[in-house]
Amino acid sequence: MDWITTIGQLLNTTLVFSTALIFAAMGGIFSERSGVTNIGIEGLMTFGAFAAGVASYYAEDAGMGAASPYIGMLAAIVIGLVASLIHAVASITFKADQVISGVVINFLATGSTLYMVKLMFEGAGETPLLMESLQKWKIPLLSKIPIIGEGIFSNYPTTYLAIIVVIVASYILYKTSFGLRLRAVGEHPSAADTVGVKVRRMRYIGVMISGALAALGGATVTLTTTSTFSHNTISGQGFIAIAAMIFGKWNPLGAFGAAVFFGFSQAIGNYFQLFDWAHDIPQEFIYMLPYVLTVIVLVAAVGRSSAPAALGEPYDPGKR
Amino acid sequence: MNKLFKIFTVNSLLTPLVSIVLGLIVGAIIMLIGGYDPILAYSSLFSTVFGNLYDFGETIREITPLIMTGLAVAFAFRAGLFNIGAEGQYIVGMTAATAVGIKLTGLPIVLHAIVAIIAGGLAGGIWAGITGYLKAKRGVNEVIISIMLNWTGLYLSNYIVRNFLLLKGQQRSEDIQDTASISIGWLSDMFSDARMHWGTVIAILAAVFFYVFMWKSKQGYELRAVGHNGDAAKYAGMNVKSNIVKAMFISGIFAGLGGAFQVLGVFHYQAIFTGSPGVGFDGIAVALIGMNHPFGILLSAALFGTLTYGSAGMSFGADVPPEIIRIVIGSIIFFIAAQGIVRWVLKPFYLKRKKEKVL
């Protein structure tokens with residue numbers, strides 16, 4: 001076995017598995033930093049995966065060829081924005097419990113996407129298989145570097161985009177006045193209000209960014225991994241992304257690291273089979289690995305997590 | 001008895017009721033847009049459930065585990081904790097009951113069932129207790145631990161079933177012994193072979209226990225105090241940490257029992273899961289619609305179970321995809337959560353009433 005290729009491939013698979021989690025975790029950060037808990041990430045991803053499956057299919061049908069996956073991604077962003085508005089209206093305008101309204105998103109997502117799939121495709125349980133799913137891009141020169149060339153620079157365009165989003169998110173949150181306002185609204189809304197920041201508007205923006213990003217994350221699952229949308233295309237990735245966000249202490253770089261860690265512990269399961277000694281390990285234990293590892297790491301290293309101070313509280317200007 | 005009625009005042013019942021109606025209307029509108037006949041759909045839903053004894057009995061079967069996971073989620077909510085892990089607790093409860101039901105031999109008929117039920121409840125309680133302990137001792141967010149334990153529980157259960165309880169050549173465990181069954185034969189005969197079991201009775205008793213424990217005991221008072229304001233409770237001399245563990249433990253027992261009933265009363269075996277069964281997640285919805293009150297949960301589980309079981313008949317009778325019911329349930333929770341919307345809908349009625357009084 002060629003070790004250098006194996007490590008490169010492992011890194012590559014890790015990033016493929018991480019991509020959706022990175023997008024969704026970044027989404028979660030924007031919502032929660034503005035003070036709105038978003039347990040609906042899972043549902044928003046489902047909406048995105050659905051939109052990508054349907055829009056890309058129709059784009060292919062209309063002869064858009066290789067451009068169709070990108071149409072799917074755009075559709076995912078649009079549907080993510082719309083779906084997150086439900087969460088925003090309920091929890092910001094009507095001051096609903098944010099956890100509850102997130103659960104609503106999850107319910108509506110599983111219900112309405114499958115309902116629409118059955119409606120559009122004559123009772124089928126999944127969207128038709130996509131012919132033009134995304135292909136991996138080899139970055140010239142960089143992809144020739146040993147290990148990381150194979151691991152990082154020969155990946156799906158969505159993976160590159162995810163990494164760019166992390167950098168941009170980090171920049172926006174910590175280096176722009178918009179980011180400062182967003183964080184202020186999540187830490188101390190009444191103080192932010194006093195200095196003229198529009199608390200509700202900031203929170204709407206935060207939630208909607210999270211909708212767009214989470215849906216984009218869901219879209220990447222359809223466009224790179226499954227090539228079709230069905231009831232189990234998104235099964236728990238949203239919750240894992242939430243875990244990555246908390247794990248990364250609501251910081252884009254931290255959440256990125258956590259998402260890659262989850263991706264890695266998923267990817268390594270595929271590589272266990274290469275080793276003779278690993279054949280004795282029951283497959284269930286390999287599946288379990290990412291979750292058990294997370295618990296151990298959380299307990300051992302992270303401990304008390306530092307959530308935004310006003311997370312989960314509806315803003316009420318009349319309240320002290 | 002008076003007190004019992006006081007829980008259901010006009011105001012506390014109005015919001016859920018209006019929300020349910022609004023949710024059904026949203027479902028109807030979506031069916032209309034999709035080109036279906038909502039009246040035919042809803043009538044075939046209800047005629048499925050109430051049309052014959054078998055389906056009515058099966059609806060009760062559907063409702064039972066929802067009561068248990070609903071109680072589990074609500075119990076933790078009352079103590080200020082979000083138990084999103086009812087799913088995992090339900091699964092390990094199933095597996096523990098299956099293991100005891102198959103492996104333990106030589107026990108007399110009622111005793112074996114009781115031992116199996118207790119095993120299921122304890123397994124669920126311990127699974128949730130891990131979350132509670134880590135939250136209390138290490139301050140780790142209970143939501144993230146529960147989510148991780150859901151998946152861990154799922155795969156652990158599959159591992160146990162595949163390696164220790166497997167029926168040869170099948171993707172499921174052997175059957176439990178007859179002594180561990182909690183099915184009620186004569187009742188099933190009455191309901192033309194619907195799978196009736198004692199779990200339903202225990203579920204109702206569990207709701208009563210929830211009420212008495214939470215509102216009539218010192219321990220329940222402490223749990224609620226911790227849920228309302230942990231710092232104040234601590235200042236008043238309560239042990240916040242042990243209360244967190246206790247709340248999660250009891251919450252998990254409810255969910256674990258739900259899983260045990262499902263094995264001992266309904267299936268009599270456990271299948272290897274290909275995906276999460278979802279009963280625990282549905283429990284979140286049940287708890288929310290039931291306003292986190294045990295008696296509210298009995299009603300909301302009945303509603304949830306009726307809609308879910310009936311949705312199959314809906315797709316038969318009116319050709320509507322059964323997923324519409326999840327949209328309806330989601331909308332109901334939405335309206336309950338965003339009470340401002342319901343108040344806005346009710347406003348004209350309130351105004352009218354006031355005017356009449358003035359006259």
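Residues numbered from 1 in each chain as written. Chains lettered and ligands numbered in written order. Predicted model: local features only at pLDDT ≥ 70, side-chain atom pairs only at ≥ 80, totals over all residues. Heavy atoms only, no water.

Asks: Tell me about the overall build of chain B, and name the residues and values.
Replies: Counting its regular elements, chain B contains 16 helices and zero strands. Taken over C-alpha atoms, the radius of gyration comes to 21 Å for chain B, in line with the 21 Å a tight globule of 359 residues would show. Viewed in the frame of its principal axes, chain B has a C-alpha envelope of about 75 × 60 × 40 Å. The 359 residues of chain B split such that 55% are buried. Restricting the contact set of chain B to residue pairs at least 6 apart, pairs at least 24 apart contribute 79%. Working note: accessible area of chain B is about 15,600 Å², and carbon and sulfur atoms make up 67% of it. In chain B, 26 positive and 17 negative side-chain charges are present, and the distance between their average locations comes to 17 Å. (Helix = DSSP H or I, 4+ residues; strand = E, 2+ residues; numbered from the N terminus. Rg over C-alpha atoms; globule rule 2.2 N^0.38 Å. Buried < 20%, exposed > 50% of the residue type's maximum accessible area, 1.4 Å probe, protein only. Contact = heavy atoms within 4.5 Å. Areas by Shrake-Rupley, 256 points an atom, 1.4 Å probe, with all protein chains shown as cover. Lys, Arg positive; Asp, Glu negative; His and termini not counted. Charge placed at Lys NZ, Arg CZ, Asp CG, Glu CD.)

Asks: Give a detailed account of a nonpolar patch on the surface, specifying residues and quantitative values.
Replies: Residue and element names in this part refer to chain A. Where nonpolar side chains cluster on the molecular surface, the patch consists of W3, I4, I7, L142, I145, I147 and I148 and spans about 570 Å² of accessible area. When residues in the nonpolar patch are grouped by element, the largest group, three residues, is from helix α1 (residues 3-33). Following the sequence through the fold, I4 ends up in helix α1. (Patch = residues over 30% accessible without salt bridge, like charges linked within 9 Å, V, L, I, M, F, W, Y side chains within 5 Å. Salt bridge = Lys/Arg side-chain N within 4 Å of Asp/Glu carboxyl O.)

Asks: Break down the interface of chain A and chain B for me, citing the residues and quoting the values.
Replies: Between chain A and chain B, the contact holds 43 residues from the first and 45 residues from the second. Interface of chain A and chain B: buried area, both sides summed, is about 3,900 Å²; carbon and sulfur atoms make up 80% of it. Among the residues chain A hides against chain B, the three largest losses belong to F107(A), Y115(A) and E284(A). Together they make up 19% of the total. For the interface between chain A and chain B, the tally reads two salt bridges. A salt bridge links E284(A) to R162(B); the nearest nitrogen and oxygen atoms lie 2.7 Å apart. Summed over the shared surface of chain A and chain B, the result is five residue pairs in polar contact (both at pLDDT 80 or more). (Buried area = accessible area lost by both parts, 1.4 Å probe. Polar contact = N/O pair within 3.5 Å; in protein donor to acceptor, adjacent residues only side chain to side chain.)

Asks: Report on the UniProt feature "transmembrane region" (unreviewed entry) in chain B, specifying residues and quantitative values.
Replies: Residue and element names in this part refer to chain B. Within this structure's numbering, the places UniProt gives as "transmembrane region" (unreviewed entry) are residues 12-33, 63-86, 106-130, 142-161, 196-214, 244-265 and 324-346. Between the end C-alpha atoms of residues 106-130 the distance is 32 Å, and the span holds 88% helix and 0% strand. Taken end to end, residues 324-346 has its terminal C-alpha atoms 26 Å apart, with 96% of it in helix and 0% in strand. (UniProt positions renumbered as here; feature names shortened; annotations may be inferred.)

Asks: Account for the packing of aromatic side chains, naming residues and giving values.
Replies: A full pass over the atoms with the stated rule returns 31 aromatic pairs over all chains. Here Y287(A) and Y155(B) contribute two aromatic rings whose centre-to-centre distance is 5.2 Å and whose plane-to-plane angle is 40°, an arrangement assigned as tilted. A residue pair is termed interchain when its members come from two chains, as with Y287(A) in helix α12 (residues 283-302) and Y155(B) in helix α7 (residues 142-164). Above the plane of the ring of Y269(B) lies R172(B), whose end atom (NZ or CZ) is 3.9 Å from the centre. (Phe/Tyr/Trp six-rings, centres within 6.5 Å; stacked < 30°, edge-to-face > 60°. Lys NZ or Arg CZ within 6 Å of the ring centre and 35° of its normal.)

Asks: How would you sum up helix α12 (residues 240-267) of chain B? Please name residues and give values.
Replies: Spanning 28 residues, α12(B) covers 40 Å between terminal C-alpha atoms, matching the ideal 40 Å at 1.5 Å per step. Immediately downstream of α12(B), the backbone of H268(B) shows phi near 70°, a positive value. (Expected span 1.5 Å × (residues − 1).)

Asks: Can you explain the UniProt feature "transmembrane region" (unreviewed entry) in chain A? Please cite residues and give values.
Replies: Residues and elements named next belong to chain A. UniProt annotation of "transmembrane region" (unreviewed entry) refers to residues 6-27, 39-58, 70-92, 99-121, 156-174, 204-223 and 285-303 when read in the numbering used here. The straight-line gap between the two end C-alpha atoms of residues 99-121 is 33 Å; of that span, 96% is helix and 0% is strand. When the span residues 156-174 is considered, its composition is 95% helix and 0% strand, and the gap between its end C-alpha atoms is 28 Å.

Asks: If you had to explain the packing of α1(A) against helix α10 (residues 237-247) of chain A to someone new, which residues and values would you point to?
Replies: Residue and element names in this part refer to chain A. Interaxial distance between α1 and α10 falls to 8 Å at its minimum, and their mutual angle equals 60°. Considering their axes alone, α1 and α10 lie oblique with respect to each other. When you trace α1 past α10, the crossing you get is right-handed. Along its contact with α1, which presents L21, A24, A25, G28, I29 and E32, the element α10 presents Q237, I240, A241, A244 and M245. (Axes fitted to C-alpha atoms, helices over the stretch in contact; angles between N-to-C directions. Parallel < 35°, antiparallel > 145°, perpendicular 65-115°, else oblique. Left-handed = near helix turned anticlockwise from the far one by under 90°.)

Asks: If you had to explain the pattern of salt bridges to someone new, which residues and values would you point to?
Replies: Residues and elements named next belong to chain B. For the coordinates displayed, the defined rule picks out nine salt bridges over all chains. In this structure, E62 and R61 form a salt bridge, with 3.8 Å as the shortest nitrogen-oxygen distance. With relative accessibility at 11%, the residue R61 sits in the buried group.

Asks: Quick one: what's the story with unusual backbone geometry, residue by residue and with numbers?
Replies: Of note in the backbone geometry, S227(A) takes a positive phi value of approximately 65° without being a glycine. Tracing the backbone through its elements, the reader meets S227(A) in the loop between α9 (199-226) and α10. Judged by relative accessible area, which is 13%, S227(A) ranks as buried. Despite not being glycine, H268(B) shows a phi value in the positive range, around 70°. Since its relative accessible area comes to 23%, H268(B) is described here as partly exposed.

Asks: A description of the side chain of E323(B) should follow, citing residues and the corresponding values.
Replies: Topologically, E323(B) is positioned in the loop between α14 (294-318) and α15 (324-337). We classify E323(B) as buried; its relative accessible area is 14%. A distance of 3.0 Å separates a polar atom in the side chain of E323(B) from a polar atom in the side chain of K118(A). Residues contacting E323(B), with those up to four places away along its chain left out, are T110(A), G111(A), L114(A), Y115(A) and K118(A).

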